[in-house]
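Examination of the molecular architecture
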Amino acid sequence: MSEISPLSVLVVNLMPDKAKTQQQLTAFFKQSKLTIKPTFCYPATHRFRTSKSLIDIKNYVEFLNGPRLIVGRF
C-alpha cells in the first residue's frame, strides 16, 4: 500500500483579519481526510493598510511573479 503525499495548497490571504482567517482555514484543512499542507502568501505588489497586517503575515511568503501551476508528482 502506497503512502499518500501531503497536498500542498497555496493560500493568498487578503482578508482584513488575516490571523482569524488563517486560523479558520487551518482548522478547516485539519478536518480533511487528506493531509493538507497550507502555505500562506501575499502578492509582492500588495500594499497593506494597517501595521497589524504586517504582524499577522510574519510567517507568510511573498510571491513576485504570481503563482505557477505545477501538475505532477515530485
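Just so you know, the residues in each chain are numbered from 1, in the order the chain's sequence is written. Side-chain atom pairs in this predicted model are given and counted only at pLDDT of 80 or more, local residue features only at pLDDT of at least 70, and totals for whole chains, interfaces and linings cover all residues. Side-chain metrics rest on all non-hydrogen atoms present in the structure, leaving aside hydrogens and water.

Further remarks concern the pairing of strand β1 (residues 7-12). Bridge count between β1 and strand β2 (residues 36-43): six bridges; the pairing is parallel. Within the sheet, the bridge partner assigned to V11 lies in β2 and is F40. For crossovers, right-handed means that the path from the first strand over the helix to the second runs clockwise, given strands pointing away from the viewer. Helical segments are the DSSP runs of H or I of at least four residues, strand segments are the runs of E of at least two, and each set is numbered from the N terminus. On the question of chirality, the crossover connecting β1 to the parallel β2 by way of helix α1 (residues 18-30) is right-handed. Paired strands, in this sense, are two strands between which DSSP finds at least two bridges.

Let's shift gears to the nonpolar core. With six residues, the main nonpolar core is built from V11, F29, F40, Y42, I57 and Y60. Note on contacts: a residue pair is in contact if any heavy atoms of the two residues lie within 4.5 Å. The residues touching I57, leaving out its near neighbours within four places in the chain, are K18, Y42 and F48. Only buried residues count toward a nonpolar core. Its members are Ala, Val, Leu, Ile, Met, Phe, Trp, Tyr and Cys residues joined through side-chain atoms within 4.5 Å. Buried residues are those whose accessible area, probed at 1.4 Å on protein chains only, stays under 20% of the maximum for their type, while exposed residues exceed 50% and partly exposed ones sit between those limits.

Let us now look at α1. Under the convention used throughout, the expected extent of a helix is 1.5 Å for every residue step, that is, one less than its residue count. Over its 13 residues, α1 runs 18 Å from end to end, which matches the ideal 18 Å to within 8%, given 1.5 Å per residue. All buried positions along α1 are accounted for by K18, T21 and F29. Down the axis of α1, the buried side of the element spans an arc of 70°, and every buried residue falls inside it. Residues of α1 that are exposed and point more than 90 degrees away from the buried face comprise Q23 and K30. What the arc covers is the set of directions going from the helix axis to the C-beta atoms.

Each Phe, Tyr or Trp ring (for Trp, its six-membered ring) is paired with any other whose centre lies within 6.5 Å, and the angle between the two planes then decides the class: stacked below 30 degrees, edge-to-face above 60, tilted in between. As enumerated under the stated definition, the model contains two aromatic pairs in all. On the numbers, 6.1 Å between centres and 55° between planes, the contact of F28 with F29 is tilted. Owing to a relative accessible area of 12%, F29 belongs among the buried residues under this scheme. Judged by centre distance (5.6 Å) and plane angle (35°), the ring pair of F40 and Y60 falls under tilted. Remark: Y60 occurs in the loop between α2 (51-56) and β3 (61-63) and F40 occurs in strand β2; sequence separation between them is 20 residues. Across the pair, Y60 and F40 agree in class, each one buried.

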